[in-house]
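Letter by letter, the chains look like this.
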Amino acid sequence: MTEELDGLLLVDKPSGMTSHDIVHQVRKRFQIKKVGHCGTLDPMATGLLMLVLGKATKVQDLLMSEDKYYTGTLTLGTSTSTQDVEGEVTARKDVPEFSSDDVRRAFDAFKGDFYQTPPMVSAIKVDGVPLYKLARQGKEVKREPRFVHVYLYDILGIELPDITFSIKCSKGFYVRTYCHDIGEQLGCYGHLSSLRRTGSGNFSVDDSVTFADLVQIPDKAGLAQHVISLPSISRIRRQ
């Protein structure tokens, strides 16, 4: 099968790989010229990575605009340089015995419409240079707050210093900053210690192929069985 594949491939990204790693593997393994992804997942994060193949790259921006669903863990008591578990600890505080009501009030402070300041470790560009490259040089620059929206959240478990939660949020939302800001709201710091993207719009990680299974697919014909066609993409988006 030599013709180009056109459509959407849902991959369950494992921890430790970059989104670009997955794109490169699919492009190289299946000899597909055009492969892109619809929203970066950090190496530490797992879950839904949406890959557009062939002509589907034309709807990449449309798919990236979808609302996102995540589950994650906020660890209180420490602030890090990257606002997540992979950064260096920059501050520590003892974690009080917060009640569930205390936790919920802090989460409620970041619900609905609000402005969020992007972290330095992000792909946003300032004068053409990604912020993460400036961060690697030890530089910190002023970032313009971005208008974001949290549609809903749920507290899944509290085992201090860890709080497990789920969230539905708008595109361009930084869950690591969300955790950092909630830690500040509680007065004891906080960072994101685990993250899993469970959905984007009407597309779910439950319908994805794991990376382990992906690399066992022998050829492009086998991959085609996992690719959502262009007409089906439109139908699912409208559901």
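We now turn to the structure provided with this report. (Residues numbered from 1 in each chain as written. Predicted model: local features only at pLDDT ≥ 70, side-chain atom pairs only at ≥ 80, totals over all residues. Heavy atoms only, no water.)

## Examining the pattern of salt bridges
The final tally for this structure, using the stated rule, is five salt bridges. For Asp102, the salt bridge goes to Arg105, with nearest N and O atoms at 2.7 Å. Remark: Arg105 and Asp102 occur in helix H3 (residues 100–108); sequence separation between them is three residues, near one turn of the helix. When its relative accessible area of 24% is taken as the criterion, Asp102 is described as partly exposed. Taken together, the shared-partner salt bridges in this structure form one network comprising Asp42, Asp84 and Arg176. (Salt bridge = Lys/Arg side-chain N within 4 Å of Asp/Glu carboxyl O. Helix = DSSP H or I, 4+ residues; strand = E, 2+ residues; numbered from the N terminus. Buried < 20%, exposed > 50% of the residue type's maximum accessible area, 1.4 Å probe, protein only.)

## Topic: the side chain of Asp12
Topologically, Asp12 is positioned in strand E1 (residues 7–13). A polar contact of 3.4 Å, which involves the side chain of Asp12, links it to the backbone nitrogen of Gly47. Excluding anything up to four places from it in sequence, Asp12 contacts Gly47, Arg196, Val205, Ser208, Val209, Thr210 and Phe211. (Polar contact = N/O pair within 3.5 Å; in protein donor to acceptor, adjacent residues only side chain to side chain. Contact = heavy atoms within 4.5 Å.)

## Examining the nonpolar core
By size, the foremost hydrophobic cluster in this structure holds 29 residues, and its most contacted members are Phe107, Phe173 and Tyr178. Secondary structure elements with two or more residues in this core: strand E4 (68–76), H3, strand E10 (146–159), strand E11 (162–169), helix H5 (175–186) and strand E12 (190–200). In terms of residue count, H5 provides more of this core than any other element does, five residues in total. Every residue in contact with Phe107, bar those within four places of it in the chain, is listed here: Leu74, Tyr153, Ile155, Ile163, Phe165, Tyr178 and Ile182. Of all hydrophobic cores here, the second largest spans 19 residues; its members include Val11, Val23, Ile32 and Val35. (Core = buried A, V, L, I, M, F, W, Y, C linked by side-chain atoms within 4.5 Å.)

Take it as geometry only, folks, not as evidence of what the structure does.
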